[in-house]
Amino acid sequence: MTREREPFISLVLYHAFKWSVVSPMLHAYFQGRIYGVENVPQTGEVVVVSNHASYFDPPIVSNCVCRPVAYMAKEELFEVPVLAQAIKLYGAYPVSRGSADRQTIRSALEYLNNGWAVGVFLQGTRTPDGRITDPKRGAALLAAKAKAPLLPVSLWGSEKILQTGWPIPRAVPLTIRIGKLIHAPISTDKEELQAVTHQCATAINELHDLGR
């Protein structure tokens, strides 16, 4: 039986951490601007797709869409004390390098079936300027299997948070833009997945190009 949304305890932990730590830092320290929150469905499964330029992106995205987002995160991130606690509260689960794609998809589908939003970085790795140049089909495949819509999100400026030689996160301005929902692929056919993936990448890059 599919749940309508995340477990109650996860919502409590999410809001406690959001309003005590993430939101104050985003607005006061990073001068965060958020656009498009009205595009986010607050119940039911949804695949949140975004660009990726910083280790801080998962909690920022989850904060801005106003609901917990479960992320397929590299297990190395769970070795960073403060960050590990933050992403766990937001629903992140570790994925080992070289682990089977089937297991990753299975874990994400379980979260979706339990009413979570699941986050996927469309390029699969961080990019130096925040733009997507080589999108992967994993998010579209997940959406097709779950029959869940995709929500494009752009993070602008997060690539500057951590810089070589700076011991603490830099107080750089951030802008987060949330686009309109994109329908799930109608099948898992390669061409269909590629078309929807391209649609997601285009939407995110167009939002990113709007800048601050």
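Source: prediction; values computed, not measured.

What counts and what doesn't
Residues numbered from 1 in each chain as written. Predicted model: local features only at pLDDT ≥ 70, side-chain atom pairs only at ≥ 80, totals over all residues. Heavy atoms only, no water. Core = buried A, V, L, I, M, F, W, Y, C linked by side-chain atoms within 4.5 Å. Buried < 20%, exposed > 50% of the residue type's maximum accessible area, 1.4 Å probe, protein only. Helix = DSSP H or I, 4+ residues; strand = E, 2+ residues; numbered from the N terminus. Contact = heavy atoms within 4.5 Å. Patch = residues over 30% accessible without salt bridge, like charges linked within 9 Å, V, L, I, M, F, W, Y side chains within 5 Å. Areas by Shrake-Rupley, 256 points an atom, 1.4 Å probe, with all protein chains shown as cover. Salt bridge = Lys/Arg side-chain N within 4 Å of Asp/Glu carboxyl O. Phe/Tyr/Trp six-rings, centres within 6.5 Å; stacked < 30°, edge-to-face > 60°. Lys NZ or Arg CZ within 6 Å of the ring centre and 35° of its normal. Pairing = 2+ DSSP bridges. Axes fitted to C-alpha atoms, helices over the stretch in contact; angles between N-to-C directions.

(A) Broad picture of the nonpolar core. Ranked by size, the top nonpolar core spans 28 residues in total, and within it Val-47, Val-49, Leu-122, Leu-142 and Leu-150 carry the most contacts. Of all the elements in the fold, those that place two or more residues in this core are strand E2 (46-50), strand E4 (93-95), helix H4 (101-113), strand E5 (117-121), helix H5 (138-146) and helix H6 (190-209). Non-local contacts of Leu-122, meaning those with residues more than four positions away in its chain, are made with Val-49, Ser-50, Ile-132, Pro-135, Lys-136, Ala-139, Thr-197, Cys-200, Ala-201 and Ile-204. Val-48, Ile-60, Phe-121 and Ile-178 belong to the second largest nonpolar core, which has 26 residues in total.

(B) Representation of helix H2 (residues 57-64) in the model. Most of H2 is tucked away: eight of the eight residues are buried. Of the positions making up H2, those classed as buried are Asp-57, Pro-58, Pro-59, Ile-60, Val-61, Ser-62, Asn-63 and Cys-64. Cys-66 sits one or two positions beyond H2 and adopts a positive phi of about 65°.

(C) Spotlight on a nonpolar patch on the surface. A cluster of nonpolar side chains, contributed by Phe-8, Ile-9, Val-12 and Leu-13, occupies part of the molecular surface with about 400 Å² of accessible area. If you trace the backbone, Val-12 turns up in helix H1 (residues 8-29).

(D) Structural context of the packing of aromatic side chains. On inspection of all chains with the given rule, the structure shows three aromatic pairs. Each ring, one from Tyr-111 and one from Trp-116, has its centre 5.3 Å from the other, and the planes form 75°; the classification is edge-to-face. Among the residues examined, Trp-116 registers a relative accessible area of 7% and is labelled buried. Residue placement shows Arg-170 over the ring face of Trp-166; its charged tip is 4.7 Å from the ring centre.

(E) View of the sheet that holds E2. Ordered by their spatial adjacency, seven strands build an open sheet running E1-E7-E6-E2-E5-E3-E4, and the pairing between neighbours is mixed. Edge positions in the sheet fall to strand E1 (33-35) and E4, since each has one partner strand and no second. Each strand of the sheet is rotated relative to its neighbour by a mean of 25°, with strand direction disregarded. Taken together, the four bridges between strand E6 (residues 150-156) and strand E7 (residues 175-178) define a ladder with antiparallel strand orientation. Along E7, the bridge assignment pairs Leu-155 with Ile-176. Against the sheet, H2 touches E1, E2, strand E3 (69-74), E5, E6 and E7, its axis set at about 120° to E6.

(F) View of the pairing of E2. Buried residues dominate E2, accounting for five of its five residues. Covered by surrounding structure in E2 are Val-46, Val-48 and Ser-50 together with Val-47 and Val-49, the residues of both alternating faces. Note: E2 against E5, five bridges, orientation parallel. In the strand pairing of E5, Ser-50 is matched with Phe-121. Pairing of E2 with E6 involves four bridges; the strand directions are parallel. Residue pairing in the sheet places Val-49 in a bridge with Pro-152 of E6.

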